[in-house]
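# Results of the structural survey
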Amino acid sequence: MTKDYNSQCSPESTAPGGSKATFGSCCKFTMFGDLFDEDFSFLSINQYGKPKLKLKDAEPPLPRENTNISGIRNQGGTCYLNSLLQTLLFTPEFREALFSIGPEELGSLEDSNKPDSKVRIIPLQLQRLFAQLLLLDQQAASTTDLTDSFGWNSDEEMRQHDVQELNRILFSALETSLVGTSGHNLINQLYHGIVVNQVICKECKNVSERQEDFLDLTVAVKGVSGLEEALCNMYVEEEHFEKDNLYRCGACSKLVEATKSAKLRKLPPFLTVSLLRFNFDFEKCERYKETRCYTFPVRINLKPFCEQTELDDFEYIYELFSVIIHKGGCYGGHYHVYIRDIDELGNWQVLVEESYLNDENEDLKDTENTQEKENPLPILKNILSEEGSTEIAVDQLAQKFLEKNGVSWNKKYRKQYGPIRKYLQTHSQVFLLTSDERKVKMNDQSHPQNDSVNMTSEKTSTAIMGHSSESHWFDLNDSKVQPIKEKEIEKQFQGNESAYMLFYRKSQMTRPSEARGNPRYRVPSHLLNEMDAANLRLQKRRAECNLVDNNIDLHLHIHSRYKLYNGALHPLLPQKESVLDLTIDKRQTLGDLQQLVFQLLEFWEGDLVLSLAKRLPAGLHIYQTLEAGHNEGRRGQQFIESQHVFSFSSNLRTVCETLTSPKGIILKNHSGSEKETEKWKVIPEEDMKKTLRNIGLTDGSSILVLDSHDQSMVNVAGGNLTSFTHDISWLQVKNFCRLEPEEVQVKITATIETMMADIRLKAIEEMQLEKELVNNTCLRPINRNGKLLCPVPEDYTVKEAELKMGSLLGLCFGKAPTATQLFLYFLVGHDLHSSPEMEIVVEENTSVKECLNLMLKKAGLAGNSWHLRKIEWCYDDGKALNEEDATLKELNICSGDTLNVAEGKLPPKGFLKIPVWWYNLFSQLVGRRNMQDQVNCISNNMGALGLSASGDSSTFIQSEVDRYYVGSIEISEEAFLEDLKIQVMTLPSFQEFSVPLPEFLRVWTMENKHLCKLLRNNKQQLHELKLGSRTEICIELLHKEENLGPKDLLLRVQMGIPGERDYYHPVDLIWDISKECTASALRQRIAAYYSLPVEKIEIAKYFPDKFEWMPISSWTQQVSKRKKKKSDSLQMGPYSLKDGDIVGVKNLLLDGSKDFSTVKDDIGKQMQKKLAEDKTRTKQTDCVQNDSFSGRKVTKHHRPEVALSISVGVFS
């Protein structure tokens, strides 16, 4: 900043004739922009001081949004924890019970680091977190302190777990932490229930029963339509013991017929229901998520499922208040929660106002100038009040409504509210239906204040009356909180995003009136004081941060310390003595700045003129005098006013070229307030050549000059300014059109209505690029990883392009796609993670075949053995685009999608192209070597086995198995398995083998070069076997015919060599598991095969990927009879026995060692450890190298599942 020391230094213009401008028309040119924008960064050069830096971590958290409910920040993978914590917070009884335990019992967090202190950290941190969520004015709270108290590290916070598992573990941790306090029974009081299992003998009627405690009910999802059907299957239907499945009665001492059933003996105040969404497909050997429709009611009557039914119906009514939702698959996803705000702590009125406006518009359309319909609620209440506490039939209520109102419910209210029974259900606070929903009466438990809320004003519209009685629901999604309607819950019945846990509360549980809307209710005084102090600190930090954000450093050059030489100012003293530094809030006025300068320059006398200056090689140049200004906009935008003198004969074009870009828009204002937009009129383009006198400008007239990219503020058709307060900000544009030593990046001022074409042209102009780029460039957003996204259409506005202010765009070669074109990425080959990504623009009506040819041409490939596949969001190989003649638009291919040009020509529709591999054991090809030779061979040929640092251990794991690719076959999906075997026998590679019949071939499916699923039943069609287009098969040659039944299990059994850590050749053992699949049955089958006593053998299952053996013991855990059959099955965890598994056998008569491991296992474990270390080092190296943007993609693998745990101290 400079002070203008003489009138001769103020900028003057000359007339066209070259003479000095006389006193003619004085025009005030009001420039749009920020007086102290970063464009004036030349004012803050290093020699005059360093700019202020502000760390992001120092910024205070944002205040709460309109909902007045605080979210919880996600630490990386803690969305499951956030959802459960919000549910517990909005369970008022749990929250208040936790708050009731004082520091005298729990201790103090300040003493947690003392060596002998017994501080119960988990409940203390939970109390503190709840207080922050209730009272602290911040958009989202942090759970870091709480997870630290769990003993979690950063890895645990980044790893996602199951919320149902967390619910049980957290309750267990709380119970342990609260031992010896008044809250020792907190969990049991609120969540503990009892299920009783009964077996009734049909002969002596003896009842044998067993009680089971529960904190949550786990219900099935597969094969049932909803929660009520699942509960009916569990607690209503009976299991009958009869025929071959009899029950041994303790009273009769014999096998008898009996019935078994289960009932709910004790209901907790809060019922937690866990839905079994995740299952295991034994055919595909993989987990999957049940996404089919599964309904659950908002209000449920549990009386049919209870043992005791003599109580009043009210005792069995439960209302839904929380739904934890899982979005994603079984290997990952995201949790959020729908919660009913029981105490009405949040501001749900935001949604009510929006709904009111929408409903009011609908009412205007439906009524068609008729009077608004009255609310039926008071009419129904009057009818039921006359009946007292007597229940009346719903049909009778409808008849009385007709008699009293003169019109039936269906005729007047059904269209708006639905059937009368549904209306009664939605107003459960007022009306109480019986369990069969046939009778109704007034709800005596309804709050009088609720009625007063519903009936506050009869003049309010019906929409508002309906909303006021509706429950207040919110969607809490980590930091984001938004109000929702109750009907939104129905959208979570099915799909990839669906309900996972349900929380019900007894409808009879009422809340005190003083708790309504009062977040401070029952919060301990020490937490109230802590939160009040924290809020004061937050306010102070926000004020300080706001001040820092708006403070700017200015450099004041004083005229007496400069001299004018060759049209520029030069310092008379050293630079440090010539300049004064000052800081000012940019929201202040120019008058405030002048007053501050006067205070600095106490010796100053007379007037003061301030001007903007720029440092040039020739010296300090003054280019604009600051005389008046006002701020009409937001985000620091200003209209800067300056006075200039021009001749009456000057034309407007010359004036504009002198002051600003000739491509701007000019508006004039003859009189009136400059803040009134209607006073500003656009000067037409044809008047730009006229003189100032001809266009009607006089002394004192104002002219507003807008850049071309600020045209959204002007209504060109109307010829006037639309608004001074448009949402102005900026975008960043980076040059990708040419390589330069330094990156070229500019800021472009824009509004949400600015056209992308204008932003591009302005960027080209400010970067001073070649004019040829105007017609051959486009703007592409850049994501946080540095990847260039789809080009933005030229005719889009910033708002339509969904760009945030401050977004980074890349200026790239090529035209942006039109409205009928698609911008696509594509990869070539099956290795999606190493293949370079290419780009192409095609018409949306392009066929799949044409698109494939265009991609092949761009990739420089030829041939017909290619096809297209759409890559899924997780970068997995997706579904093939089989319909070659279908257009991309018909297949819902959108801009930004990634396609894979995969090798291989697709088979005709209804056919499968299946690669075929030949399988044989290594031991069948070469003789068995002695142990020392084997060890030496393995040790000396590590490289040959693929055990280099960059290799894969799978080769070593399967080194005893040879697989050869022998070709591929095309076969119809309707063909049988026998047809597939016959066609395989025709392959040239099989001609050297004499295979007499298809029964001499065994067929496996393959995944990742490993055997997966054994295909059986030659008369089964291929589509029934679920063979997909990516299926590969492996053929095994047998020495005899084989026809495995559906209950036959094929195992590879190998007997240990006595005295050696090795095994004999494996043999195929077929085991019939139709009767049972238990450890004892398997031991008997193997003992019978080897003709050994059962007690003289030990068996174990081999896990080749871990080089580990798991002994299969006959000991079984004592479990209920109902669960025993499934829990003992070897097909369940932890063994998960399946076709092709290796089972080792130890003959205790010859070998007393029970160690099943081999020398090869020891070497394999060492190599796995080495590979893991090398992989970690490689990953760290890649992370360092990838700090700068690169085009490589990161391989995504399923994370290994790790058990969830919470560390708790020992309290007595």
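Model, not experiment: these values are computed from the prediction.

Relative to the assigned elements, F401 resides in helix α12 (residues 394-405). With 18 residues separating them along the chain, F401 and I383 place their C-alpha atoms 7.5 Å apart. Those residues within four positions of F401 in sequence are excluded, and the remaining contacts are P376, I379, L380, I383, G406, V407, S408, W409 and Y413.

At a minimum axis distance of 10 Å, the contact between helix α11 (residues 377-387) and α12 shows a crossing angle of 115°. By the criterion of interaxial angle, the relationship of α11 to α12 is roughly perpendicular. Where α11 crosses over α12, the handedness of that crossing is right-handed. Contact residues: I379, L380, N382, I383, L384, E386 and E387 in α11; L397, K400, F401, K404 and N405 in α12. For the contact of α11 with α12, the residue count by class is 6 nonpolar, 2 polar and 4 charged.

Running from N to C, helix α1 (residues 79-89) and helix α4 (residues 121-135) point in directions that differ by 80°, and their axes come no closer than 11 Å. Classified by the angle between their axes, α1 and α4 sit roughly perpendicular to one another. Where α1 abuts α4, its residues L85, Q86, L88 and L89 lie against L126, L129, F130, L133 and L134. Along the lines of polarity and charge, the residues of the contact of α1 with α4 split into 8 nonpolar, 1 polar and no charged.

Once that is clear, we can look at a nonpolar patch on the surface. Taken together, the side chains of F280, F282 and M1132 make up a nonpolar region of the molecular surface, amounting to roughly 290 Å² of accessible area. Take F280: it is sitting in strand β13 (residues 278-281). What makes F280 partly exposed here is its relative accessible area of 39%.

A separate point is the sheet that holds strand β11 (residues 258-266). Strand order in the open sheet made by the 4 strands is β6-β5-β11-β8, with antiparallel pairing throughout. Both edges of this open sheet fall to β6 (207-214) and β8 (239-241), since each of them pairs with a single strand only. The average undirected angle you get between the axes of adjacent strands in this sheet is 25°. In this sheet, β11 lies alongside β8 in antiparallel orientation, the contact comprising 3 bridges. Paired with H240 across the bridge in β11 is T259.

Residue-level pLDDT values for the chain average 77, and 77% of them are 70 or greater. Note on residues 1-57: pLDDT is under 50 here. Beyond four places in sequence and across chains, it has 147 contacts. Note that pLDDT drops below 50 for residues 364-373; the model gives that stretch 7 contacts with residues more than four away or on any other chain.

One finds F94, F130 and I1206 to be the most contacted residues of the largest nonpolar core, which totals 67 residues. With 9 residues, the single largest contributor to this core is α4. Excluding residues that lie within four positions of it along the chain, F130 makes contacts with L85, L88, L89, F94, R95, L98 and F99. Membership of the second largest hydrophobic core comes to 35 residues, among which are F214, L264, L271 and I325.

Rules used throughout
- Residues numbered from 1 in each chain as written.
- Predicted model: local features only at pLDDT ≥ 70, side-chain atom pairs only at ≥ 80, totals over all residues.
- Heavy atoms only, no water.
- Helix = DSSP H or I, 4+ residues; strand = E, 2+ residues; numbered from the N terminus.
- Contact = heavy atoms within 4.5 Å.
- Axes fitted to C-alpha atoms, helices over the stretch in contact; angles between N-to-C directions.
- Parallel < 35°, antiparallel > 145°, perpendicular 65-115°, else oblique.
- Left-handed = near helix turned anticlockwise from the far one by under 90°.
- Nonpolar A, V, L, I, M, F, W, Y, C, P; charged D, E, K, R; others polar.
- Patch = residues over 30% accessible without salt bridge, like charges linked within 9 Å, V, L, I, M, F, W, Y side chains within 5 Å.
- Areas by Shrake-Rupley, 256 points an atom, 1.4 Å probe, with all protein chains shown as cover.
- Salt bridge = Lys/Arg side-chain N within 4 Å of Asp/Glu carboxyl O.
- Buried < 20%, exposed > 50% of the residue type's maximum accessible area, 1.4 Å probe, protein only.
- Pairing = 2+ DSSP bridges.
- pLDDT = per-residue confidence, 0-100.
- Core = buried A, V, L, I, M, F, W, Y, C linked by side-chain atoms within 4.5 Å.

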